[in-house]
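# Secondary and tertiary structure notes
The primary structure of each chain is shown beneath.
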Protein chains: 2
Amino acid sequence: MEKLPPGTLCVVCEDEATGKHYSIPSCNGCKTFFRRAIVNNRTFACMGHGNCPVNKGVRCACRHCRLKKCLEVGMDKNAIQNDRDRIGYTKRTKRPRPSSDEMAGHTNGEGFSDPPQPSPGSSVGSPPSGPMLVPLAAPDPLLERLTDLENKFTLLFSRSIIEPYASIDDALAAPSRFCRPIDIQMSDPVAVPRPCDDQRKMPFWRSRIITLFIDWAKTFPIFQNLPYTDKIALIMNHASSYLIMCEAFRTPEHITDKIMHPDGHFFSRNPTPDSLFSKSLSGLTPVMGAMIDYVLRPFRQLKVTVTELAALQAIMFFDPDTEGLDSASQRNVSAEQKRVLVSLYRQLSIRYDPSETAERYASLLLRVPTIRKVAAKNNESYQILDMFKLFTINPLVRETALGVRLTRHIP
Amino acid sequence: MEKLPPGTLCVVCEDEATGKHYSIPSCNGCKTFFRRAIVNNRTFACMGHGNCPVNKGVRCACRHCRLKKCLEVGMDKNAIQNDRDRIGYTKRTKRPRPSSDEMAGHTNGEGFSDPPQPSPGSSVGSPPSGPMLVPLAAPDPLLERLTDLENKFTLLFSRSIIEPYASIDDALAAPSRFCRPIDIQMSDPVAVPRPCDDQRKMPFWRSRIITLFIDWAKTFPIFQNLPYTDKIALIMNHASSYLIMCEAFRTPEHITDKIMHPDGHFFSRNPTPDSLFSKSLSGLTPVMGAMIDYVLRPFRQLKVTVTELAALQAIMFFDPDTEGLDSASQRNVSAEQKRVLVSLYRQLSIRYDPSETAERYASLLLRVPTIRKVAAKNNESYQILDMFKLFTINPLVRETALGVRLTRHIP
DNA sequence: ACCTGACGGTCAAAGGTCCA
DNA sequence: ATGGACCTTTGACCGTCAGG
């Protein structure tokens, strides 16, 4: 048996793996979930299209897709021992040794009691006075927050009813959807009302992304304290990149040659029979190719995690070289970017050994220029499409991608 | 976890607690009330004075005060999880639709077929290649070579007579000037013959840079072994960035608001008296501003060294995301890039302590996207200038910046 | 005998359901 | 429409077992 390097991630959901289970490095949750599903011969129905994302934050959202992924990554049904001896006694009934002391009922009489373990996230009372084993992987609060936002994004994006903003001004004025802790409006996963017309699906999903992007941005205190024009500058600077990263990252994992939206609508590099009907979008085909080759594929190859993606989005968003930033804002933005960079590096360094850490760090950071390039391409295509008015672009997407402000609003 | 002593009361309403919920011993009612209030982001108004009593008997009387008390006694919002999958009806009442929700037998979804495919990236047991202790301060041969090239570049650039190549094909066919050990023709620092006409100075210097850039590229064995089309792809991809970095880095140190060539010819952000005479170049003014703000200034601020610049040029040149690279070349290019990255990181780590190392590493790598952006801008301006034929661009610069091949030459 | 990795079982605490 | 009794699911933790 090999020892699993500490910090290995669960292949199913990217939580920390507790070991190999059913032949796959996995976390306790996925291990137990898999066993129960198989033992009880459960079958689940996906309310979406069988391509829900599965990661630590949303792994409970769709059992069908979670089980499917367990199998896809190779969890071995045969490793489940159906006919194991009944264990019988457990801690309560146990008689480990005849010593019979026990007090089975309540152990808390003495030093055995442990301080009630605080739920994750809550502030802690007393640090266990004792020897205090390794504070393993002290979770970085900043990255945790970013990851949490990313998971909420996933839920909101694919399962919530969203009224896209009509303009950047509106978007900045409204409260962020991320601040209400969870606001899933009980819609079924992909009962999200959406256009049936294939030609309108992309604008539909893209305007959702941009809308959520702005809501995401508004959760950062640093962002909120920026002057109005600087807010707009940051939004404009990163919108297209955010969009592209989001679409690439959220394309279901087994898809490697298409960009796919949550409802199964997709773009592939080569015009499909579908797109032959909608010539109007064919202008985007080369951009899709670039997204696949230079964004989606590298993400897959690197096995970018949710946390890494979350950090990268923030690093790119807080870009001190954003055009038009005033110099005070530039310093603030730069400081925020640096904070995320430091957190990311630390996070990597607890999961990898030193040389691997630096390598992965560089690999992630070097995605930035390429993503920006593809984003610029995307904007260009939009401009061309816009010029010829080949199809109606959602006003918000238009503003952010084309850099054209439609409305003016002095805050 | 402790067992709650039987008879414990709900801290909110003094009903019997059913356990700890959201870190507080509480009853079922308060537990559910709290979750729903948070999840739906409810806010309630108190009809009284915000001090209504809350206990078993009257707990429903004022939701505002009930929620307030929940928070006061420490119920933990963070313990609320993301949306879960629907469970299905437990009692057979009300069936929304006879959908095949739970049916055993076979799953509805597609890809559930179960070839237990081995996990794609088992990511295990790769023996960490040699621990390889840091040969402290051992000069890195790769970086040394790069630095050496950079120094030679400086000499050649400012003090040598250079016949610019007429086309990329010619450039690739010729031997590299860097390979002749020393070929400085001992001209005085700026005795280099150059146009007196101010309007022709920039093209003059730029064509020198591009010429030397290609000679620089040809010194890399990896580059030489690339197929012809891939060589061109790399050159085209990086030419403009190389040019910009070169001009910014080589502007004398005391100059911080201009881009200056070795003969003193310069561009500043604001049209100077000089440039008033040469309207034809004014199209480049905004690009110059960007070069100053986003390339020159950051270089100064970081105090980028020659070695760091040299490494950065190589890292950017060996860009695996260069468009049009064939996949074998891509691997080779990527490997070379990685080598430089590793060397650079090592170099930094002997000069700085660990956290500073990572910080500087990131600062350097994050110059890449910005430089690329300015380079793209530069190319755009050239295209516009070219379109209006405002001035004659040197054919080589034209080819590399505009992506227009003038000649064809099958090697 | 003593680790250790990977099984199965347990139960506090989370979420979902549905009647009054 | 909403509260809350009652149910299911989750996953951290622990005992057990086989192989070293």
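Since the model is a prediction, treat every value here as computed from it, not as a measurement.

### Examining the overall build of chain A
- In terms of helices and strands, chain A carries 14 helices and four strands.
- Counting the 411 residues in chain A, one finds 53% classified as buried.
- The long-range share in chain A, meaning contacts at least 24 apart out of those at least 6 apart in sequence, stands at 70%.
- Carbon and sulfur atoms form 55% of the exposed surface of chain A, whose accessible area is close to 19,600 Å².

### Description of helix 2 (residues 63–72) of chain B
Residue and element names in this part refer to chain B.
- Among the residues of helix 2, C65, R66, L67 and C70 are the ones counted as buried.
- Close packing links the buried residues of helix 2 with helix 1 (28–39).
- G74 sits one or two residues past helix 2 and shows a positive phi near 100°.

### Looking at the protein's contact with DNA strand D
- Close contacts around DNA strand D come from 27 residues, with A:R36, A:R59, B:R36, B:R59 and B:R66 the closest.
- Counting only the atoms of DNA strand D within 4 Å of the protein, the fraction contributed by sugar and phosphate is 57%.
- One nitrogen or oxygen atom from the side chain of A:R42 is found 3.2 Å from a phosphate oxygen belonging to DNA strand D.
- Between A:R66 and DNA strand D, the recorded distance is 2.9 Å, taken from a side-chain N or O atom to a phosphate oxygen.
- Counting residues per element, the ones that place at least two in the surface near DNA strand D are helix 1 (28–39) and helix 2 (63–72) of chain A together with helix 1 and helix 2 of chain B.
- Along the lines of polarity and charge, the residues of the surface near DNA strand D split into five nonpolar, eight polar and 14 charged.

### With respect to the packing of helix 12 (residues 354–365) of chain A against helix 12 (residues 354–365) of chain B
- For the pair helix 12 of chain A and helix 12 of chain B, interaxial distance at closest approach is 10 Å and the crossing angle is 25°. Relative to helix 12 of chain B, helix 12 of chain A is oriented roughly parallel. In terms of crossing hand, the pair formed by helix 12 of chain A and helix 12 of chain B is right-handed. Along the contact surface, helix 12 of chain A presents A:A358, A:Y361, A:A362 and A:L365, while helix 12 of chain B presents B:A358, B:Y361, B:A362 and B:L365.
- Looking at the contact of helix 12 of chain A with helix 12 of chain B residue by residue, the classes come out as eight nonpolar, no polar and no charged.

### So, the pattern of salt bridges
Residues and elements named next belong to chain A.
- Using the criterion set out here, one finds 29 salt bridges over all chains in the structure.
- Here R372 makes a salt bridge to D319, at a shortest N to O gap of 3.4 Å. Residue R372 is found in helix 13 (residues 367–388), and its partner D319 is found in the loop between helix 10 (306–317) and helix 11 (327–351); the two are separated by 53 residues along the sequence. The same class applies to R372 as to D319, namely buried.
- The closest approach of N and O atoms between R339 and E336, which form a salt bridge, is 2.9 Å.

### Comments concerning the nonpolar core
- A:W216 and B:W216 are the most contacted members of the largest nonpolar core, which has 158 residues in total.
- Sort the elements by how many residues they give to this core and helix 7 (residues 228–250) of chain A lands first, with 14 residues.
- Formed by 21 residues, the second largest nonpolar core is a distinct cluster that contains A:V12, A:F44, A:V73 and A:M75.

### Thoughts on unusual backbone geometry
Residue and element names in this part refer to chain A.
- One non-glycine residue, S23, lies in the positive phi region at around 75°.
- Relative to the elements of secondary structure, S23 occurs in the loop between strand 1 (19–21) and strand 2 (24–26).
- Take S23: its relative accessible area is 43%, and that puts it in the partly exposed class.

### Details of the packing of aromatic side chains
Residues and elements named next belong to chain A.
- Summed over all chains, the structure comprises 35 aromatic pairs over all chains.
- Each member of the aromatic cluster is reached from another via a ring pair, and the members are F153, F157, F178, F204, W205, F213, W216, F220, F223, Y242, F317 and F318.
- Over the aromatic face of Y165 sits the side chain of R177, whose NZ or CZ is 5.2 Å from the ring centroid.

### So, the domain arrangement of chain A
All names here are of chain A.
- Along its sequence, chain A is carved into domain 1 (19–79) and domain 2 (130–402).
- Between domain 1 and domain 2, the residue contacts involve twelve residues of the former and 17 residues of the latter.
- Here domain 1 meets domain 2 over a buried area of about 1,100 Å², counting both sides, of which 59% is carbon and sulfur.
- When residues of domain 1 are sorted by the area they lose upon contact with domain 2, M47, H49 and N51 head the list and together hold 43% of the total.
- Taken together, the connections running from domain 1 to domain 2 amount to one salt bridge.
- Among the salt bridges present, the one from K69 reaches E253, with a minimum N-O distance of 2.7 Å.

### Notes on helix 3 (residues 141–159) of chain A
All names here are of chain A.
- If you check helix 3, its first and last C-alpha atoms are 27 Å apart, about what 19 residues at 1.5 Å a residue would give, namely 27 Å.
- Within helix 3, 15 of the 19 residues are buried, which leaves the element mostly enclosed by the surrounding structure.
- A distance of 2.8 Å separates the backbone nitrogen of L142 from a side-chain oxygen at the start of helix 3, and that oxygen is part of D140.

### What about the packing of helix 3 (residues 141–159) of chain B against helix 7 (residues 228–250) of chain B?
Residue and element names in this part refer to chain B.
- The interhelical angle for the contact between helix 3 and helix 7, taken along N-to-C directions, is 80°, at an axis separation of 13 Å. What the angle tells us is that helix 3 and helix 7 run roughly perpendicular. On helix 7, the residues that touch E150, F153, T154 and F157 of helix 3 are Y242, C246 and R250.
- Residue composition of the contact of helix 3 with helix 7, by class: four nonpolar, one polar and two charged.

### With respect to the environment of B:I209
Residue and element names in this part refer to chain B.
- For I209, the location among the structural elements is in helix 5 (residues 198–217).
- Take I209: its relative accessible area is 0%, and that puts it in the buried class.
- Along the sequence, I209 and A328 sit 119 residues apart, while their C-alpha atoms lie 29 Å from each other.
- For I209, the residues in contact, after removing those within four places along its chain, are F153, F157, Y242, L243, C246 and E247.

### A look at the side chain of A:H261
- Within the secondary structure layout, A:H261 lies in the loop between strand 3 (258–260) and strand 4 (266–268).
- Among the residues examined, A:H261 registers a relative accessible area of 3% and is labelled buried.

### Focus on the confidence of the model for chain A
Residues and elements named next belong to chain A.
- On average, residues of chain A carry a pLDDT of 77, and 71% of them reach 70 or more.
- When the elements of chain A are averaged for pLDDT, helix 8 (residues 273–277) gives the smallest value, 48, and helix 10 the largest, 97.
- Note that pLDDT drops below 50 for residues 85–136; the model gives that stretch 28 contacts with residues more than four away or on any other chain.
- The model gives residues 182–190 a pLDDT under 50, and that stretch makes 30 contacts with residues more than four places away or in other chains.

### Side note on the environment of A:N40
- Here A:N40 shows up in the loop between helix 1 and helix 2.
- Along the backbone, A:N40 and A:N332 are 292 residues apart, and their C-alpha atoms lie at a distance of 55 Å.

What counts, and where the lines are drawn
- Residue numbers here run from 1 along each chain, matching the order of that chain's written sequence.
- Lettering of chains starts at A and numbering of ligands starts at 1, both following the order in which they are written.
- Two thresholds apply to this predicted model, a pLDDT of at least 70 for residue-level local features and 80 or more for giving and counting side-chain atom pairs, whereas whole-chain, interface and lining totals are computed over all residues.
- The side-chain figures draw on all heavy atoms in the structure; neither hydrogens nor water molecules are used.
- Numbering of helices and strands starts at the N terminus; helices are DSSP runs of H or I of at least 4 residues and strands are runs of E of at least 2.
- Accessible area is worked out with a 1.4 Å probe on protein chains only. A residue is then buried under 20% of its type maximum, exposed over 50%, and partly exposed in between.
- Contact criterion: two residues are considered in contact whenever any of their non-hydrogen atoms come within 4.5 Å of each other.
- Note on areas: Shrake-Rupley with a 1.4 Å probe; residue coverage comes only from the protein chains shown.
- Whether a residue is near a molecule or strand is decided by its heavy atoms; if any one of them lies within 4 Å of it, the residue is near.
- Whenever two N or O atoms come within 3.5 Å, that pair is a polar contact, provided that in protein one can donate a hydrogen and the other can accept it, and provided that, for residues adjacent in sequence, both atoms are side-chain atoms.
- When residue character is reported, Ala, Val, Leu, Ile, Met, Phe, Trp, Tyr, Cys and Pro are called nonpolar, Asp, Glu, Lys and Arg charged, and the others, Gly included, polar.
- To get an axis, a line is fitted to the C-alpha atoms, and for a helix only the part in contact is used. The angle between two axes follows their N-to-C directions and goes from 0 to 180 degrees.
- Put simply, angles under 35 degrees are roughly parallel, angles over 145 are roughly antiparallel, angles from 65 to 115 are roughly perpendicular, and the rest are oblique.
- By definition, turning the near helix anticlockwise from the far helix through less than a right angle yields a left-handed crossing, and turning it clockwise yields a right-handed one.
- Any carboxyl oxygen of Asp or Glu that lies within 4 Å of a side-chain nitrogen of Lys or Arg is treated as forming a salt bridge with it.
- As used in this record, nonpolar core signifies buried Ala, Val, Leu, Ile, Met, Phe, Trp, Tyr and Cys residues forming a set joined through side-chain atoms within 4.5 Å.
- Each pair of aromatic rings taken from Phe, Tyr and Trp, with Trp reduced to its six-membered ring, is defined by centres within 6.5 Å and is described as stacked if the planes are under 30 degrees apart, edge-to-face if over 60, and tilted in the remaining cases.
- Our definition puts a charge over a ring when NZ of Lys or CZ of Arg is within 6 Å of the ring centre and also within 35 degrees of the ring normal.
- Residue ranges for the domains originate in an automatic or database domain assignment.
- When two parts are brought into contact, each loses some accessible area as probed by a 1.4 Å sphere; the total of that loss over both is the buried area.
- Expected span of a helix: the number of residues minus one, times 1.5 Å.
- A residue's pLDDT is the confidence the predictor assigns to it, expressed on a 0 to 100 scale.

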